[in-house]
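Notes for the structure review
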Amino acid sequence: MINRIQPVGTVRDYQTYAIASPRDTQVKAACEEVGCANFRHGWRTIVDEATDLGKRQADYIRNQSRRTFREERNAAGLTVFTFESGQRCFADHRTRPEVYLVRDGDWRGNPTGHVRRHTRPADWVEDFGEHQQRVVELINKG
């Protein structure tokens, strides 16, 4: 059971501001856009060319990846590819664009069904600030 303070006004007297992060299923982003550590600092990929998978990975890196790297063998005989920072890694990064919502009503419901979606966070913040100012003015009026 949720313990909530009973509001003073009716549900029609309120607005609810929310930021939602839907599941990430659509947007693919590049490393720089998502703050990828490999992009910032570089990374190492180690492959075992004694296996079929390792051979395919090494071939891809050398001939198709279009990335800058240094290649060497480690003590175990594995191939180590060292990639410089500032280039896209091999991960498919995804982002979850946030949704900025303003709904009529409060936790008791949305009697009008009205929902506004802001496309920019700054617009949502401005809307929220203006709404708070109106509430303060109403309180001061008595």
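Notes on the structure follow. Just so we're clear, the structure is a prediction, and the values are computed from it rather than from any experiment.

Here we take up the packing of aromatic side chains. Scanning all chains against the criterion turns up ten aromatic pairs. Centroid distance Phe 69 to Phe 81: 5.4 Å. Interplanar angle 80°. Geometry classified as edge-to-face. Of the two residues, Phe 69 sits in strand β4 (residues 69–73) while Phe 81 sits in strand β5 (residues 79–83), which places them twelve residues apart along the sequence. Taken together, a centroid distance of 5.7 Å and an interplanar angle of 5° make the contact between Trp 124 and Phe 128 stacked. Residue Trp 124 and its partner Phe 128 are both found in helix α4 (residues 121–141); the two are separated by four residues, about one turn of the helix. The exposure class of Phe 128 is partly exposed, given its relative accessible area of 32%. Through pairs of rings, three or more aromatic residues link up here, namely Trp 43, Tyr 60, Phe 69, Phe 81, Phe 83 and Phe 90.

The three strands lie next to each other as β3-β5-β4, forming an open sheet whose pairing is antiparallel. Strands at the two margins of the open sheet, each flanked by one partner only, are β3 (43–47) and β4. Shown here is a sheet whose adjacent strand axes are inclined to one another by a mean of 20°, direction ignored. Bridge count between β3 and β5: five bridges; the pairing is antiparallel. Of the residues in β5, the one forming a bridge with Arg 44 is Thr 82.

It is worth spelling out the sheet that holds strand β1 (residues 15–20) at this point. One open sheet holds the three strands; their spatial order is β1-β7-β8, and the pairing between them is antiparallel. Looking at which strands have only one partner, the edges of the open sheet turn out to be β1 and β8 (115–118). The mean inter-strand angle of the sheet, taken between neighbouring strand axes irrespective of direction, is 20°. Of the pairings in the sheet, the one linking β1 to strand β7 (residues 99–104) comprises six bridges and is antiparallel in character. Counted as the bridge partner of Ala 20 is Val 99 from β7. Across the sheet, α4 lies against β1, β7 and β8, angled at about 155° from β1, the strand it touches most.

Scoring rules and cut-offs
Residues numbered from 1 in each chain as written. Predicted model: local features only at pLDDT ≥ 70, side-chain atom pairs only at ≥ 80, totals over all residues. Heavy atoms only, no water. Phe/Tyr/Trp six-rings, centres within 6.5 Å; stacked < 30°, edge-to-face > 60°. Helix = DSSP H or I, 4+ residues; strand = E, 2+ residues; numbered from the N terminus. Buried < 20%, exposed > 50% of the residue type's maximum accessible area, 1.4 Å probe, protein only. Pairing = 2+ DSSP bridges. Axes fitted to C-alpha atoms, helices over the stretch in contact; angles between N-to-C directions. Contact = heavy atoms within 4.5 Å.

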